[in-house]
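Inside the fold
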Amino acid sequence: MSKFNEVTYEVMISEQEIGETLDTLAAEINSEYAGVDNLLLVGLLKGSVVVMTDLARRLSGDVHFDFMTASSYHGGTESTGDVKIVMDLANSIRGRHVLLVEDIIDTGRTLSKVRELLLSRGPASLKICTFLDKPSRRVVEVPVDFVGREIEDEFVVGYGLDYAESFRQLPYIAKVNPA
Ligand code: XMP
Ligand code: MG
């Protein structure tokens, strides 16, 4: 049990387990895109930055990066259906093979909205990769092609995931114990 900013937390997925999970994910993605010249990784800021950079370094083909910020949070720990694009992609995705990279899928609301938007822009293909998935929390069905780990309905932080913007830099996934 560790303490940071008066919040206690315990390790749930270690740094080593994260590495093993990424190796498996990358192998699946490498085989899926074996014949593709260039893959565009689209990360949803801010949470997916850490997993996207670690994942990208395990991919064997040529990849490009782009980022988008979609906000569906209004202070609480559950997203609402009201998803706003706070920052859009820098470049067009028309005709591109796009892999959307997420840190975690919870209700699926954010991803479902972002997926619809990206599909409307005419990519050659669009697939979704998430490091963590909380399937028991799903409200909106969204097809997820690559899942790192499924977890129970618990609030987790670290490895990009935050609690009030803190904890993103932890090299492992931790479970927060509410005060
Ligand atoms: P939805 O519900 O739209 O939300 O699938 C996905 C986004 O919700 C955030 N989220 C979490 N963030 N620990 C976090 O730090 C969690 O346990 C958690 N569950 C959901 C996250 O931003 C994700 O992109
Ligand atoms: Mg997120």
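Our subject is the structure listed above.
Being a predicted model, the structure only gives us computed values, none of them experimental.

**Concerning the overall build of the chain**
- Secondary structure assignment for the chain yields three helices and 10 strands.
- The C-alpha atoms of the chain give 16 Å as radius of gyration, which agrees with the globular expectation for 179 residues (16 Å, within 12%).
- Principal axes of the C-alpha set define a box for the chain whose edges measure 50 × 35 × 25 Å.
- When the 179 residues of the chain are sorted by exposure, 31% land in the buried category.

**A word on the nonpolar core**
- Among the nonpolar cores identified, the biggest contains 37 residues, and Leu-99, Leu-100, Val-101 and Val-157 are the most heavily contacted of them.
- Of all the elements, strand 6 (residues 97-105) adds the most residues to this core, at six residues.
- Setting aside residues no more than four positions away along its own chain, Val-101 makes contact with Leu-41, Val-42, Gly-43, Ser-48, Val-51, Met-52, Leu-55 and Cys-129.

**Structural notes on unusual backbone geometry**
- In this chain, Leu-45 is followed by Lys-46 through a cis amide linkage whose omega measures -5 degrees.
- The residue Lys-46 is located in the loop between strand 3 (38-45) and helix 2 (49-56) in this model.
- A positive phi angle, close to 55 degrees, is found at Tyr-159, a residue other than glycine.
- Checked against the element boundaries, Tyr-159 lands in the loop between strand 9 (156-157) and strand 10 (173-177).

**What about the sheet that holds strand 5 (residues 84-87)?**
- Taken in spatial order, the six strands of this open sheet run 5-4-3-6-7-8, and their pairing is mixed. The open sheet has two free edges, formed respectively by strand 5 and strand 8 (146-150), since each of these has just one partner strand. Each strand of the sheet is rotated relative to its neighbour by a mean of 30 degrees, with strand direction disregarded.
- Judged from the eight bridges that link them, strand 3 and strand 4 (residues 62-71) form a sheet pairing that is parallel. Residue pairing for strand 4: Leu-44 is matched across the bridge by Met-68.

**With respect to the pairing of strand 3**
- Handedness of the β-α-β unit built from strand 3, helix 2 and strand 4 comes out right-handed.
- With five bridges joining them, strand 3 and strand 6 adopt parallel strand pairing. Directly across from Val-42, in strand 6, lies its bridge partner Leu-100.

**A look at the environment of Gln-16**
- Assignment of secondary structure puts Gln-16 in helix 1 (residues 15-32).
- Along the chain, Gln-16 and Tyr-172 lie 156 residues apart, while their C-alpha atoms are 8.5 Å from each other.

**Quick notes on helix 2**
- For helix 2, every residue scored as buried is listed here: Val-50, Val-51, Met-52 and Leu-55.
- Against the buried residues of helix 2 lie helix 1, strand 3, strand 6 and strand 7 (125-133).

**Side note on the environment of Val-11**
- Relative to the elements of secondary structure, Val-11 occurs in strand 2 (residues 7-13).
- C-alpha of Val-11 to C-alpha of Val-157: the two residues are 146 residues apart in sequence and 9.5 Å apart in space.

**Topic: helix 1**
- For helix 1, with 18 residues, the first-to-last C-alpha span of 26 Å sits near the 26 Å given by 1.5 Å per residue.
- All of the buried residues along helix 1 are Ile-18, Thr-21, Leu-25 and Ile-29. Burial along helix 1 is one-sided: seen end-on, the buried residues are contained in an arc of 70 degrees. Of the residues in helix 1, the exposed ones pointing more than 90 degrees away from the buried face are Gln-16, Asp-23 and Ser-31.

Calculation criteria
- Residues numbered from 1 in each chain as written.
- Chains lettered and ligands numbered in written order.
- Predicted model: local features only at pLDDT ≥ 70, side-chain atom pairs only at ≥ 80, totals over all residues.
- Helix = DSSP H or I, 4+ residues; strand = E, 2+ residues; numbered from the N terminus.
- Rg over C-alpha atoms; globule rule 2.2 N^0.38 Å.
- Buried ≥ 20, exposed ≤ 12 C-beta atoms within 10 Å, placed from the backbone.
- Core = buried A, V, L, I, M, F, W, Y, C linked by C-beta atoms within 7 Å.
- Contact = placed C-beta atoms within 7 Å.
- Pairing = 2+ DSSP bridges.
- Axes fitted to C-alpha atoms, helices over the stretch in contact; angles between N-to-C directions.
- Right-handed = clockwise from strand over helix to strand, strands pointing away.
- Expected span 1.5 Å × (residues − 1).
- Arc of directions from axis to C-beta.

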